Amino acid sequence: MAKTRDQDLREALRLPPGEPVDLAAYDTRATPGAPGGKGVTLEDTARTGERLAELQERLWAASTAGDRRRLLLVLQGMDTSGKGGTVKHVIGQLNPAGCRIQAFKAPTEEERRHDFLWRVRPALPRPGEIGIFDRSHYEDVLIARVRHLARPAEIGSRYGLVNDFERSLAEDGVTLVKCFLHISRDEQRRRLLRRLERPDKHWKFDPGDIDERALWPAYQETYQLALERCAAPYAPWYLIPADRKWYRNWAISRLLLEHLEELDPRYPKGDFDLAECRERLLKDG
């Protein structure tokens, strides 16, 4: 995952589609592509945020002239890996009017009566928007497999359904940026302990999180399968080393920037007579 600054960060963080994934082989504290240490990288993140905000406005403006393109950021990872922190520190730099944020929890009774993608479709970004899934359609593959909530054959079929779903999104103008936030078990423990030590973080703590840690190997295996089976050129997975929060935020900001720069949305031209409108305003007094 090493890279130099003149390379595309997408190339450095992208998992090879179709190849087996061994999460233990990836350093959760690595900082591939970072411009320097924490201080330098934080400064670069701020500059990246300014450019992101500009491109977001252009994407939104282009949609008013019929451009259907939009972007969907998918955030997956173990508890405390930083999905909410990413929304706060990365997406917080953007205009909320052009963002659609959806956090997928356990399905409701109504949602269980439909196929597992039923609740996902209404949450997709509209043309010109940046959508963010804090957890996503992958929950019904991951949790179901670890917790044995569905038959193995049904769970196995969901990988193909996810691939078909993501292909249809890409064909409809959605740029998918799927990020797996990769933290270590030790780092998760430290973050859970910090939540206990701070009363203002108790609302984020659930004693069930401790029980879930016993399932860490099963979750790692399940993530590896999803990362392997649901990666395609039109919807690759990016592995983000997430033990260092400052790097996580920088990396995702840069990934979004690279994708938006490639889209290169343009402000639409006005369909009015510029000179006439200026003259009318000048005469208006």
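Everything in this summary refers to the structure shown in the same document.

Cut-offs used in this document
Residues numbered from 1 in each chain as written. Predicted model: local features only at pLDDT ≥ 70, side-chain atom pairs only at ≥ 80, totals over all residues. Heavy atoms only, no water. Helix = DSSP H or I, 4+ residues; strand = E, 2+ residues; numbered from the N terminus. Buried < 20%, exposed > 50% of the residue type's maximum accessible area, 1.4 Å probe, protein only. Phe/Tyr/Trp six-rings, centres within 6.5 Å; stacked < 30°, edge-to-face > 60°. Lys NZ or Arg CZ within 6 Å of the ring centre and 35° of its normal. Contact = heavy atoms within 4.5 Å. Pairing = 2+ DSSP bridges. Axes fitted to C-alpha atoms, helices over the stretch in contact; angles between N-to-C directions. Salt bridge = Lys/Arg side-chain N within 4 Å of Asp/Glu carboxyl O.

1. Description of unusual backbone geometry
- With phi around 70°, R135 is a residue other than glycine that occupies positive phi space.
- Mapped onto the fold, R135 is located in the loop between β3 (130-134) and α5 (139-147).
- Residue class for R135 comes out buried when judged on its relative accessible area of 18%.
- Despite not being glycine, D264 shows a phi value in the positive range, around 50°.
- You can see D264 is positioned in the loop between α10 (245-263) and α11 (274-284).

2. Observations regarding the packing of aromatic side chains
- Under the defined criterion, the tally for this structure stands at four aromatic pairs.
- Centroid distance Y247 to W250: 5.7 Å. Interplanar angle 40°. Geometry classified as tilted. Note that Y247 and W250 are positioned in helix α10 at a spacing of three residues, about one turn of the helix.
- Among the residues examined, Y247 registers a relative accessible area of 0% and is labelled buried.
- Over the face of the ring belonging to F116 we find R158, whose NZ or CZ atom lies 5.0 Å from the ring centre.

3. Here's the deal with the side chain of S184
- In this structure, S184 sits in the loop between β4 (174-182) and α7 (185-197).
- Not counting the four nearest positions on each side in its chain, S184 is found in contact with T28, W216 and D243.

4. Observations concerning the sheet that holds strand β5 (residues 237-241)
- Across the sheet, five strands lie side by side as β2-β3-β1-β4-β5; this open sheet has parallel pairing. Of all the strands in the sheet, just β2 (99-103) and β5 have a single pairing partner and so form its edges. Sheet twist, expressed as the mean angle between neighbouring strand axes with direction ignored, is 20°.
- Inspection of the sheet shows β4 paired to β5 by five bridges, in the parallel sense. Note on β5: the bridge partner recorded for L181 is I240.

5. A word on the environment of L23
- By secondary structure assignment, the location of L23 is in the loop between α1 (9-13) and α2 (38-63).
- For L23, a relative accessible area of 2% puts it in the buried group.
- Considered as a pair, L23 and A34 are 11 residues apart in the sequence and their alpha carbons are 21 Å apart.

6. Description of the pattern of salt bridges
- Per the stated rule, a full pass over the model turns up 30 salt bridges.
- For D115, the salt bridge is made with R121, and the minimal N-O distance between the two is 3.7 Å.
- As a salt-bridge pair, K283 and E279 come within 3.0 Å of each other at their nearest N and O atoms. With K283 and E279 both in helix α11 and four residues apart, this pair spans about one turn of that helix.
- Judged by relative accessible area, which is 42%, E279 ranks as partly exposed.
- Through salt bridges that share partners, R51, E54, R58, E261, D264 and R266 make up one connected network.

7. Comments concerning the pairing of strand β1 (residues 70-77)
- Here β1 lies mainly inside the structure; eight of its eight residues are buried.
- Because side chains alternate across β1, one face comprises the buried residues R70, L72, V74 and Q76, and the other comprises L71, L73, L75 and G77, equally buried.
- Sheet topology note: the β1/β4 ladder contains eight bridges and is parallel. The residue of β4 that forms the bridge with L72 is L176.

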